[in-house]
Amino acid sequence: MGKINKEDILELLKEYDKENITIATLGSHTSLHILNGAKEEGFRTAIVCEKGREIPYQRFDVADEYIMVDKFSDIVNDDVQEKLRSMNVIVIPHGSFVAYAGLDRIEDDFLVPMFGNRDILRWEAERDLERKLLTEGNVRIPYKYSDPSEIDRAVMVKFPGARGGRGYFVASSTEEFNQKIEAMKERGWLEDKDVANAHIEEYVAGCNYCIHYFYSALNDEVEVLGMDTRYESSIDGFVRMPAKDQLDVSLSPSYVVTGNHPAVIRESLLTQVFDIGDKLVESAKELVKPGLNGPFCMQTLVNDDLEVICFEISARSDGGTNTFMGGSPYSYLKYGEGMSMGRRVAREIKTAIKDDKLEIILT
Ligand code: AMP
């Protein structure tokens, strides 16, 4: 079977009972507010849940239906897909859905209507494509070095794949780069094949803001709904040590996200915040038609020249949206109380059903 295209999904949609849509997702990542928000907007909800991982969903009671699977990746199995379609399901993708289902299966085999743009998920996952989206949109990103021999100031070194920042390191010379590569290999965090794929970029000494946008394809409008900063292990524990002890212990910090803090940004920076969101939406329209649709996130660092520099994006519900399940200061400004990202998604689907425009937002 080739790639699933929009026509295949619209064909399925003809069989759907649009008055009885169920909103579903994989039980992980941001599923609590996706399903809670769907209920708030009056939808029936379903969760595809790995056996042994059902507790939070039961305790918070977010799902009307449980589809229990042995492992998360079973969400793409034929029987599960069949069940989802029989419940008139629209799936909301999130980071774990993409990681467990796998991009190939989502693009080629997952024949269930999804909210968003199925084709853009690969663009956020592959660093070169992600960079293209940002550079074509003229968004300020960290300077990239093409070879370790060019390192002339502090750089951040990253490796491909969703490894939660494990193995990332900071270096300020070619020698230090080589030493740290060896140390990471000894620890088993890197293999030789990773080293050739090292991505070396300018270290931005600044504060982290992950900005949660919603692009409404129905209204052609970019909304800012919330912001967070990451709480990362071991770096955030490491910096609680007095500086002299940090120098004494030879720990190499890692950047594994363990949680998030809600944040607000200095008000005068909001012009840049909207500007980079608008720019990304425009470049996505050109590069991955029809472009972004629904939640996306720009992970940024703000330096002391007050430049907002974007080092990463998500083109679907991002983990940091969990910081505003009951609304954020920004979603309050736009919608009043209680607007989570999940609820905003459900609101868009509800509007599309009412106006008979589901074909615009599904893929
Ligand atoms: P990532 O896996 O790309 O989200 O990066 C993990 C963490 O590394 C981020 O949350 C930032 O704290 C930090 N980071 C990433 N890129 C840079 C950079 N260019 N300069 C400084 N810190 C960075």
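Asker: Looking at this structure, I do not really get the overall build of the protein chain. What am I missing?
Answerer: The number of helices and strands found in the protein chain is 16 helices and 13 strands. The C-alpha atoms of the protein chain give 21 Å as radius of gyration, which agrees with the globular expectation for 363 residues (21 Å, within 12%). Dimensions of the protein chain, computed from C-alpha atoms along their principal axes, come out at roughly 65 × 45 × 40 Å. When contacts within the protein chain are restricted to residue pairs at least 6 apart in sequence, long-range pairs at least 24 apart make up 63% of them. Total accessible area on the protein chain stands at roughly 16,900 Å², and carbon and sulfur atoms take up 47% of it. Side chains of the protein chain give 43 positive and 63 negative charges; the mean places of these two sets differ by 2 Å.

Asker: Could you clarify how one ought to interpret the layout of surface pockets in this entry?
Answerer: A probe as big as a water molecule, rolled over the atoms, marks out the empty space that is left. Approximately 240 Å³ is the volume found for the second largest pocket. For the second largest pocket, the full set of lining residues is Y168, F169, V170, K180, M184, F238, S250, L251, S252, P253 and Y255. When contributions to the lining of the second largest pocket are tallied by element, the ones reaching two or more residues are strand 7 (169-171) and helix 9 (174-186). Of the residues in the lining of the second largest pocket, the class split is eight nonpolar, two polar and one charged.

Asker: Sorry if this is basic, but what is going on with helix 4 (residues 78-86) here?
Answerer: Residues spaced three or four apart along an α-helix point in a common direction, a consequence of the helix completing one turn every 3.6 residues. Within the sequence span of helix 4, burial applies to V80, Q81 and L84. The buried residues of helix 4 all sit within an arc of 100° when viewed along its axis, so they share a single face. More than 90 degrees from the buried face of helix 4, the exposed residues found are D78, D79 and S86. Next to the buried residues of helix 4 lie strand 1 (22-26), strand 2 (44-50), strand 3 (65-69) and strand 4 (89-91).

Asker: It is not clear to me how the pattern of salt bridges should be interpreted in this structure. Could you clarify?
Answerer: Where charged atoms from two side chains of opposite charge approach closely, those side chains can pair. Evaluated as defined, the whole model comprises 34 salt bridges. For K71, the salt bridge goes to D74, with nearest N and O atoms at 3.0 Å. Classification of D74 as buried rests on a relative accessible area of 9%. Notably, a salt bridge pairs E126 with R122, separated by 2.8 Å at the nearest N-O pair. Judged by its relative accessible area of 33%, E126 falls in the partly exposed class. What you see here is one network of salt bridges that share partners, running through K3, D104, E107, R122 and E126.

Asker: Explain the site of the ligand here, please?
Answerer: Within the structure, the ligand sits among 14 residues, and K158, E201, V204, E232 and E312 are positioned closest to it. E201 places a side-chain nitrogen or oxygen 2.7 Å from a nitrogen atom of the ligand. Note that a nitrogen atom of the ligand is positioned 2.8 Å from one of the backbone N or O atoms of V204. Protein chains bury 90% of the 490 Å² of accessible surface belonging to the ligand in isolation.

Asker: Even after reading the chapter, I still don't get the domain arrangement of the protein chain, so can you show me in this structure?
Answerer: The figure often quoted for interface size is the accessible area lost as the parts come together. For the protein chain, the assigned domains are domain 1 (6-114), domain 2 (125-139 + 205-244 + 257-352) and domain 3 (144-202). Averaged C-alpha coordinates put domain 2 and domain 3 at centres separated by 26 Å. Domain 2 puts four residues into the contact, and the matching count from domain 3 is eight residues. The largest contributions to the domain 2 side of the interface with domain 3 come from R127, R131 and F311, which together make up 79% of the buried area. There are zero salt bridges connecting domain 2 and domain 3. Seen at the junction of domain 2 and domain 3, the total is one residue pair in polar contact (both at pLDDT 80 or more). Its residues assigned to classes, the side of domain 2 that touches domain 3 comprises two nonpolar, no polar and two charged.

Asker: Would you take a moment to explain helix 1 (residues 6-15) for this structure?
Answerer: Inspection of helix 1 places I9, L12 and L13 among the buried residues, and these make up the whole buried set. Down the axis of helix 1, the buried set is contained in an arc of 105°. They therefore lie on one face. Every exposed residue of helix 1 that faces more than 90 degrees away from the buried side is listed here: E7, K14 and E15. Elements in contact with the buried residues of helix 1: helix 4 and helix 16 (358-361).

Asker: Help me understand the sheet that holds strand 1 in this model?
Answerer: Pairing between sheet strands relies on hydrogen bonds along the backbone, with the strands arranged either parallel or antiparallel. Spatial ordering of the open sheet is given by 3-2-1-4, a layout of four strands whose pairing is parallel. Each of the sheet's edge strands pairs with one partner strand only, and the pair in question is strand 3 and strand 4. Strand-to-strand, the axes of this sheet are offset by a mean angle of 25°, without reference to chain direction. Where strand 1 lies against strand 4, three bridges are found, and the strand directions are parallel. Bridging across to strand 4, A24 finds its partner in V91. Relative to the sheet, helix 2 (residues 31-40) contacts strand 1 and strand 2, its axis offset from that of strand 1 by approximately 175°.

Thresholds applied
- The numbers attached to residues start from 1 for each chain and follow its sequence in the written order.
- Local features in this predicted model are restricted to residues whose pLDDT is 70 or higher, and side-chain atom pairs enter the listing and the counts only when it is 80 or higher, whereas totals over whole chains, interfaces and linings include all residues.
- Remark: hydrogens and water are excluded; side-chain values derive from all non-hydrogen atoms of the structure.
- The helix and strand labels rest on DSSP assignments: H or I over at least four residues marks a helix, E over at least two residues marks a strand, and numbering proceeds from the N terminus.
- Atoms counted for the radius of gyration: C-alpha only. Globule rule: 2.2 Å times the number of residues to the power 0.38.
- The criterion used for residue contact is that any of the two residues' heavy atoms lie within 4.5 Å.
- Only the protein chains shown count as cover for residues, with accessible areas throughout obtained via the Shrake-Rupley method and a probe of 1.4 Å.
- Counted as positive: Lys and Arg. Counted as negative: Asp and Glu, with His and the chain ends omitted from the count.
- Where a charge sits is defined by one atom per residue type, namely NZ (Lys), CZ (Arg), CG (Asp) or CD (Glu).
- The distinction between a cavity and a pocket rests on a 1 Å grid over the protein atoms alone: a 1.4 Å probe fits inside a cavity but cannot get out, while a pocket stays open yet meets protein on both sides within 12 Å along at least five of seven lines, and a residue with an atom within 4 Å of a point counts as lining.
- Grid points are joined across faces, edges and corners, and a volume is the space filled by probe spheres set on the points.
- Each residue is assigned to one class: nonpolar for Ala, Val, Leu, Ile, Met, Phe, Trp, Tyr, Cys and Pro, charged for Asp, Glu, Lys and Arg, and polar for all the others, Gly among them.
- For the exposure calls, accessible area comes from a 1.4 Å probe over protein chains only, and a residue counts as buried if that area is under 20% of its type's maximum, exposed if over 50%, partly exposed in between.
- The arc under discussion is defined with respect to the helix axis, by the directions toward the C-beta atoms.
- Salt bridges, as used here, are contacts in which a Lys or Arg side-chain nitrogen is within 4 Å of a carboxyl oxygen on Asp or Glu.
- Whether a residue is near a molecule or strand depends on its heavy atoms: it is near if one of them lies within 4 Å of it.
- Side-chain atoms alone can form a polar contact between residues adjacent in sequence; in general such a contact is a pair of N or O atoms within 3.5 Å, and within protein one must be able to donate a hydrogen while the other accepts it.
- Where each domain begins and ends is defined by an automated method or by a domain database.
- Accessible surface is computed with a 1.4 Å probe, and the buried area is the amount of it that two parts give up when combined, taken over both parts together.
- Pairing between two strands is assigned when DSSP locates at least 2 bridges connecting them.
- Here an angle of 0 to 180 degrees is reported between the N-to-C directions of two axes, which are lines fitted to C-alpha atoms, with helices fitted over the stretch in contact.

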